[in-house]
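One-letter residues, chain by chain:
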Amino acid sequence: MMEKETSNRTRIVGLRFTPEEYQKIERKWKASTCRKLSDYIRMHLFNKPITVKYRSESLDEFMAEVIKLKSELHSLGNNFNQSVKKLHTLRQIPEFKAWILNSELERKMLLDKVEEIKIHFQRITEKWLQ
């Protein structure tokens, strides 16, 4: 781990920028990994390397599709669950009893798979957002 540079910065330099100039500097600073604007300007002035945040557009598009799919899977699971609950109100009809028991097993399998997919999506999302 790198030691933090200790220095007594006692000199202040005041600069004035036009709104356009400041906007340009601020945009570049926010695209970097520098936490403070003064750190960004200091690194730029002394020709130190500035790390810029980078995002892959193709991966961003993939993540958007994954999020959409996750939402659809969640809706599918909810709809299936509501259908089975509604069928449970028809228990007095004997032929539905066998169907209900069978659908319960299928429902559990579907919801387990949906949960497994959600876990995989969560892992992918966590890796991507690091």
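Further up the page is the structure itself.
A quick note: this is a predicted structure, and the numbers were derived from the prediction, not measured.

Its boundaries defined by the atoms lining it, the second largest pocket holds a volume of some 460 Å³. Along the wall of the second largest pocket there are 14 residues; nearest its centre are Arg11, Val13, Ile41, Arg42 and Leu45. Among the elements that line the lining of the second largest pocket, the one with the most residues is helix α2 (residues 37–45), at five residues. Of the residues belonging to the lining of the second largest pocket, the class tally is nine nonpolar, two polar and three charged.

What follows deals with a nonpolar patch on the surface. Together, Val13, Leu15, Phe17 and Tyr22 line one region of the surface with nonpolar side chains, adding up to about 410 Å² of accessible area. Checked against the element boundaries, Tyr22 lands in helix α1 (residues 19–30).

For the structure shown, the criterion picks out four salt bridges. With a shortest N-O distance of 3.1 Å, Asp39 and Arg42 are connected by a salt bridge. Residue Asp39 and its partner Arg42 are located together in helix α2, separated by three residues, close to a single helical turn. Using a relative accessible area of 25% as the deciding quantity, one classes Arg42 as partly exposed. Here Lys108 makes a salt bridge to Asp112, at a shortest N to O gap of 3.2 Å. One end of the pair is Lys108 and the other is Asp112, both in helix α4 (residues 94–128) and four residues apart, which spans about a single turn.

Conventions adopted
Residues numbered from 1 in each chain as written. Predicted model: local features only at pLDDT ≥ 70, side-chain atom pairs only at ≥ 80, totals over all residues. Heavy atoms only, no water. 1 Å grid on protein atoms, 1.4 Å probe; cavity = no way out; pocket = protein on both sides within 12 Å on 5 of 7 lines; lining within 4 Å. Points joined across faces, edges and corners; volume = space filled by probe spheres on them. Helix = DSSP H or I, 4+ residues; strand = E, 2+ residues; numbered from the N terminus. Nonpolar A, V, L, I, M, F, W, Y, C, P; charged D, E, K, R; others polar. Patch = residues over 30% accessible without salt bridge, like charges linked within 9 Å, V, L, I, M, F, W, Y side chains within 5 Å. Areas by Shrake-Rupley, 256 points an atom, 1.4 Å probe, with all protein chains shown as cover. Salt bridge = Lys/Arg side-chain N within 4 Å of Asp/Glu carboxyl O. Buried < 20%, exposed > 50% of the residue type's maximum accessible area, 1.4 Å probe, protein only.

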